[in-house]
Amino acid sequence: MKLQRKNRLRALSLGAVVVTGALTLTACGSDDTSDGGDSSASTQPKAGSIKCDDAKGQLLADGSSAQKNAIDAWVKQFTAACGVQINYKGGGSGAGITAFNQGQVAFAGSDSALKPDEVTASKETCKGGQGIDLPMVGGPVAIGYNVEGVDSLVLDAPTLAKIFDDKIKNWNDPAIAKLNPDATLPNLKIQAFHRSDESGTTDNFTKYLIAAAKSDWPYEGGKAWQAKGGQSAPQSSGVAQQVKQVNGAISYMELSYAKDGITPVKIDTGAAAPVEATVDNATKAIAAAKVVGTAPDMALELDYATKADGAYPITLVTYEVVCDKGNKADTLVATKAFLRYIASEEGQNVLTEADYAPMPEEIITKVRTTVESLS
């Protein structure tokens, strides 16, 4: 097994110089993913293992910034194997759905399933068909903080709701101290950051607050931030950068962005022990999800109020949104080839090393079948 992996890496390294120029085109997104490093290095494909068909040209895509680090890892492998250039902008779920429904991109990434009005709008672009949701990427929405001298922190849903609704203003607040009896909490103002753009990460975070702390979160939820107070920044990389720079800061972001000075909060769900934001704990939560979309749509319903031991409650699923029918002829082959790769066992294995959660086998098997039916 080790020898096989070494051989795979050796074979790919010979082609690295050839593809470097093409790969620079994938760095046009609005999110800075340089912090993530080359998380796909040990999952380099064998020559010919990615089925390219007759894929060629360039694909434009936009959407979820939460999955941007995963997309970058996938694009690197796919471009090396197939030569197709993919520019995934990562401007946020709202921007991605808008671009998709305006026919500007081959597919979009969204951390929320399509709403009925968005499905209706997609029929203008998907001639004879409509936009569908294909779950591809899972992961915990980490609550990342930066408080000097506080290396570990436990929070629960009511406390988080009050922090992000500007009701709890200082880090030494009694509610935080009660959850962290062994911590030395400073008399320091809380700087809560939220997304300025329409974001599926916002949608999932607020769904958690609605499900687990409804009396403390009197908002409807959705991609746009609704609570008062706080500060804002665009995309996952933007809020992460603010938390890194500001002592006393806290925000919500996909786990792969919670590093280099950002510490993830443990969540007290009422389980036997506070739950950490890890890939394994997110997978436990996603495995309990229900498919609520009408085939071929695969929208999922997550249990944000779970109290199961080891199940991380603030978990998102990112969907690739694509036309089931009516895809543009000049991008269909490349779109199917790319989606086929990222849904494959090889593609899903990339996710774990990039701090994302692969889709449970029962779900991803159905996704693979749906990808083959796209027309």
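Overview of the structure. Throughout this description, residue numbers start from 1 for each chain and increase along the sequence as written. With the structure being a predicted model, the display of local features is reserved for residues of pLDDT at least 70 and the display and counting of side-chain atom pairs for 80 or more, all residues being used for whole-chain, interface and lining totals. Side-chain metrics rest on all non-hydrogen atoms present in the structure, leaving aside hydrogens and water.

**Let's talk about the overall build of the protein**
When helices and strands are counted, the protein shows 13 helices and 13 strands. Buried positions account for 55% of the 375 residues belonging to the protein. Restricting to contacts in the protein with at least 6 residues of sequence separation, those with at least 24 account for 77%. Element-wise, carbon and sulfur atoms account for 51% of the exposed surface of the protein, whose accessible area totals about 15600 Å². Secondary structure is summarised from DSSP: a helix means a run of H or I of at least four residues, a strand means a run of E of at least two, and numbering begins at the N terminus for each. The classification of residues rests on relative accessible area computed with a 1.4 Å probe and restricted to protein chains. Under 20% of the type maximum is buried, over 50% is exposed, and intermediate values are partly exposed. Contacts are residue-level and defined by heavy atoms, with any inter-residue pair within 4.5 Å sufficient. Methods summary: accessible areas were calculated by the Shrake-Rupley approach with a probe of 1.4 Å, and residue burial reflects only the protein chains presented.

**A closer look at the packing of helix H3 (residues 68–82) against helix H12 (residues 345–353)**
Lines fitted to C-alpha atoms define the axes here, with helix axes fitted over just the stretch in contact, and angles between the N-to-C directions of these axes take values from 0 to 180 degrees. Interhelical geometry of H3 versus H12 gives an angle of 135 degrees and a closest axis separation of 10 Å. For the element pair H3 / H12, the angle class is oblique. Helix-helix and strand crossings are classified by hand; for H3 and H12 the assignment is right-handed. Contacts between H3 and H12 involve Ala70, Ala73 and Trp74 from the former and Gly347, Gln348, Val350 and Leu351 from the latter. Angles below 35 degrees are treated as roughly parallel, those above 145 as roughly antiparallel, those between 65 and 115 as roughly perpendicular, and all remaining angles as oblique. A clockwise turn of the near helix away from the far one marks a right-handed crossing, whereas an anticlockwise turn of less than a right angle marks a left-handed crossing.

**Concerning H3**
One fewer than the residue count of a helix, multiplied by 1.5 Å, yields its expected span. In this model, H3 (15 residues) spans 20 Å end to end at C-alpha, consistent with the 21 Å of a helix rising 1.5 Å per residue. Within H3, twelve of the 15 residues are buried, which leaves the element mostly enclosed by the surrounding structure. Taken residue by residue, H3 has Lys68, Asn69, Ala70, Ile71, Asp72, Ala73, Trp74, Val75, Gln77, Phe78, Thr79 and Cys82 as its buried positions. Two residues or fewer past H3, Gly83 is found with a positive phi of approximately 80 degrees.

**Concerning the nonpolar core**
Only buried residues count toward a nonpolar core. Its members are Ala, Val, Leu, Ile, Met, Phe, Trp, Tyr and Cys residues joined through side-chain atoms within 4.5 Å. Of all hydrophobic cores here, the largest spans 100 residues; its most connected members are Trp74, Ile143, Phe164 and Ile250. A total of eight residues in this core trace back to one element, the largest contributor, which is strand S4 (residues 131–146). In terms of nonpolar packing, the next biggest core, distinct from the first, is built from ten residues, Ile97, Ala99, Val105 and Cys126 among them.

**Some remarks on the packing of aromatic side chains**
Only the six-membered ring of Trp is used, alongside the rings of Phe and Tyr, when aromatic pairs are assigned; centres must lie within 6.5 Å, and planes under 30 degrees apart are stacked while those over 60 apart are edge-to-face, with the rest tilted. Tallying each qualifying case throughout the model produces eleven aromatic pairs. Seen from their ring centres, Phe164 and Phe205 are 5.1 Å apart, and the 75 degrees between their planes marks the pair as edge-to-face. Here Phe205 lies in helix H8 (residues 200–212) and Phe164 lies in helix H6 (residues 157–164), a separation of 41 residues in the sequence. The exposure classification of Phe164 matches that of Phe205, with both residues buried.

**What about unusual backbone geometry?**
Across the junction of Ala295 and Pro296, the peptide omega takes the value 10 degrees, indicating a cis bond. By secondary structure assignment, the location of Pro296 is in the loop between strand S11 (290–291) and strand S12 (300–301). Positive phi, close to 65 degrees, is recorded for Asp166, a residue that is not glycine. With respect to the helices, strands and loops of the structure, Asp166 is situated in the loop between H6 and helix H7 (174–179). Given a relative accessible area of 36%, Asp166 falls into the partly exposed group. A positive phi angle, close to 60 degrees, is found at Gln235, a residue other than glycine. Along the chain, Gln235 turns up in helix H9 (residues 235–245). We classify Gln235 as buried; its relative accessible area is 11%.

**Section: the environment of Val84**
Structurally, Val84 can be placed in the loop between H3 and strand S2 (85–88). A C-alpha to C-alpha distance of 5.2 Å links Val84 and Lys56, two positions 28 residues apart in sequence. Once you skip the residues sitting within four places of it in the chain, Val84 turns out to touch Ala55, Lys56, Gly57, Leu59, Phe78, Thr79 and Ala334.

**As for the pattern of salt bridges**
It is possible for side chains bearing opposite charge to pair when their charged atoms get close. Any Lys or Arg side-chain nitrogen found within 4 Å of a carboxyl oxygen on Asp or Glu counts as a salt bridge. Applying the stated criterion across every chain yields a total of eleven salt bridges. In this structure, the salt-bridge partner of Asp197 is Arg195, at a minimum N-O distance of 2.8 Å. The burial state of Asp197 is the same as that of Arg195; both residues are buried. Lys207 is paired through a salt bridge with Asp203; the nearest N and O atoms lie 3.7 Å apart. Of this pair, Lys207 and Asp203 are both found in helix H8, four residues apart, which corresponds to roughly one turn of the helix.

All we've got here are geometric facts, nothing functional implied.
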